[in-house]
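So you can see what is in the structure, the chains are spelled out below.
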Amino acid sequence: MSTLAANPDHVVLAGDVLDWANTKTGQVRALILTVAVVMAIIAVLMAWWKTRSFVGTLVAFALAALVLWGISNLSVLQTKVGSEVTDTNAMSFHPGAKTGPAGNGPDWQLS
């Protein structure tokens, strides 16, 4: 059995590990997108099979397209969610405040 520690002439650089990790991450993303596309096609076909309705199939197609867009553009959604989470009207502690949020306690005010 051969290990990396057994061969002193073989050096594993951090760049090699990072390249491998980036390659695997790309492959996993491609696999997830492929599986999502297959599942979307199956969902649209099942909607047609169950309803035999053009409107129901069109709605299933639109929802599948929306889900696929969301999976493909996770970085865009990530920045949008981050901007909505940082709220400027949050409750915060202020030592000199006269009343709390319900008017019944010191040291809290709406900032």
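That block above? That's the structure.
Every value quoted in this text rests on a predicted model; they were computed, and no experiment measured them. (Residues numbered from 1 in each chain as written. Predicted model: local features only at pLDDT ≥ 70, side-chain atom pairs only at ≥ 80, totals over all residues. Heavy atoms only, no water.)

### Quick look at the environment of A65
For clarity, the cut-off: The secondary structure listing takes helices from DSSP runs of H or I that are at least 4 residues long and strands from runs of E that are at least 2 residues long, numbered from the N terminus. Burial classification: accessible surface area is computed with a 1.4 Å probe over protein chains only, and a residue below 20% of its type maximum counts as buried, one above 50% as exposed, and the rest as partly exposed.
Mapped onto the elements, A65 comes out in helix α2 (residues 54-72). Under the relative-accessibility criterion, A65 is labelled partly exposed at 36%. For A65 and I41, which are 24 residues apart along the polypeptide, the C-alpha to C-alpha distance reads 9.9 Å.

### Structural notes on the environment of T57
To keep it simple, the criterion reads: Residues count as neighbours in contact if any of their non-hydrogen atoms are within 4.5 Å of one another.
Within the secondary structure layout, T57 lies in helix α2. With near-sequence residues (within four places) excluded, T57 lies in contact with V44, A47, W48 and T51.

### Digging into the packing of helix α1 (residues 14-51) against α2
In a packed pair of helices, the relevant descriptors are the angle between the two axes and the axis-to-axis distance. The criterion, for reference: Axis definition: a line fitted to C-alpha atoms, limited for helices to the stretch in contact. Angles are taken between N-to-C directions and run from 0 to 180 degrees. For classification purposes, an angle smaller than 35 degrees is called roughly parallel, one larger than 145 roughly antiparallel, one from 65 to 115 roughly perpendicular, and anything else oblique. Residue classes follow a fixed rule: Ala, Val, Leu, Ile, Met, Phe, Trp, Tyr, Cys and Pro count as nonpolar, while Asp, Glu, Lys and Arg count as charged, and any other residue, Gly among them, counts as polar.
Running from N to C, α1 and α2 point in directions that differ by 170°, and their axes come no closer than 8 Å. On the basis of the axis angle, α1 is roughly antiparallel to α2. Side by side, α1 and α2 meet where I32, L33, A36, V37, A40, V44, A47, W48 and T51 of the first sit next to F54, G56, T57, A60, F61, A64, L68, I71 and S72 of the second. A class-by-class count of the residues in the contact of α1 with α2 yields 14 nonpolar, four polar and no charged.

### A short note on the nonpolar core
Basically, it comes down to this: Buried Ala, Val, Leu, Ile, Met, Phe, Trp, Tyr and Cys residues form a nonpolar core when they are joined through side-chain atoms within 4.5 Å.
Counting seven residues, the largest nonpolar core is built from A36, A40, V44, A47, A60, A64 and L68. Those elements that place two or more of their residues in this core are α1 and α2. If one sorts the elements of this core by residue count, α1 sits on top with four residues. Residues contacting A60, with those up to four places away along its chain left out, are V44 and A47.

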